[in-house]
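Architecture at a glance
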Amino acid sequence: MAKSWYIVQTFTGWEQKIERELHRLLDNKEIDSAVLTDVKVPMEEISGTTKTGKKTVRHNKLLPGYIMLEMDLPQIGWKATCTKVRSITGVNGFVGTGSLERPRPITSEEARGILQQTGAIKGERVSRVSQNYDIGDNVKITEGAFATFSGTIDEINTERNKLRVNVQIFGRVTPVEVDFSQVEKI
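Residues numbered from 1 in each chain as written. Predicted model: local features only at pLDDT ≥ 70, side-chain atom pairs only at ≥ 80, totals over all residues. Heavy atoms only, no water.

This part takes up the nonpolar core. Of all hydrophobic cores here, the largest spans 21 residues; its most connected members are Leu22, Leu36, Leu69 and Phe94. Counting residues per element, the ones that place at least two in this core are strand 1 (4–10), helix 1 (15–27), strand 2 (36–40), strand 5 (66–71), helix 2 (78–86) and strand 6 (91–94). Sort the elements by how many residues they give to this core and helix 1 lands first, with four residues. Here Leu69 is in contact with Ser4, Trp5, Tyr6, Val8, Leu22, Leu36, Asp38, Val39, Val85 and Phe94, once residues within four sequence places are set aside. Within the second largest apolar cluster, twelve residues are counted, among which are Tyr133, Val139, Ile153 and Ile169. (Core = buried A, V, L, I, M, F, W, Y, C linked by side-chain atoms within 4.5 Å. Buried < 20%, exposed > 50% of the residue type's maximum accessible area, 1.4 Å probe, protein only. Helix = DSSP H or I, 4+ residues; strand = E, 2+ residues; numbered from the N terminus. Contact = heavy atoms within 4.5 Å.)

This part is about the pairing of strand 5. Taking burial as the measure, the six residues of strand 5 include five buried ones, the bulk of the element. Bridge count for strand 1 against strand 5 is six bridges, and the pairing is antiparallel. What sits directly across from Ile7, in strand 5, is Met68. Two strands pair when backbone bridges link them, and strand 2 and strand 5 are joined in this way by four bridges, in the antiparallel orientation. If you follow Leu36 over to strand 5, its bridge partner there is Met71. (Pairing = 2+ DSSP bridges.)

As structure tokens, this is what we get:
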């Protein structure tokens, strides 16, 4: 069988504890590393600015109460590995199956979408920025080609994390597109 991603439901707030326990079991050879190949707690990075203009970055769980396991479950002997995982304190079980059933993996598209949001797929990180801007707010551009220019927000595109800011260049109002992270409120 090929490697697939499986979702395990956990107690909310216990995701990192369970991840550490799974790594401990792998290190102690209690779970075969050829069967359980990767453990991830899906986290997304959210950058923003405080009221004082200080840049902040925080990590939020993308799926609170769930972890992802990449496994290559054999046809024979899969129960031993799944029982070890289910017996960890804080684990409720594999998503979509009962305790005596063989776990079902998520589709490769679902796994790719989650991993892309977490940045696990190189070059495809989708970073979110906490949006605390409104149309008409005065902002100063802090990075990029228009650094030190000030202007007014004309349009907000939350899907792309972009702002269109009207700045004065050579006496004319010019719209400039910048990332949320490239501006700060005045």
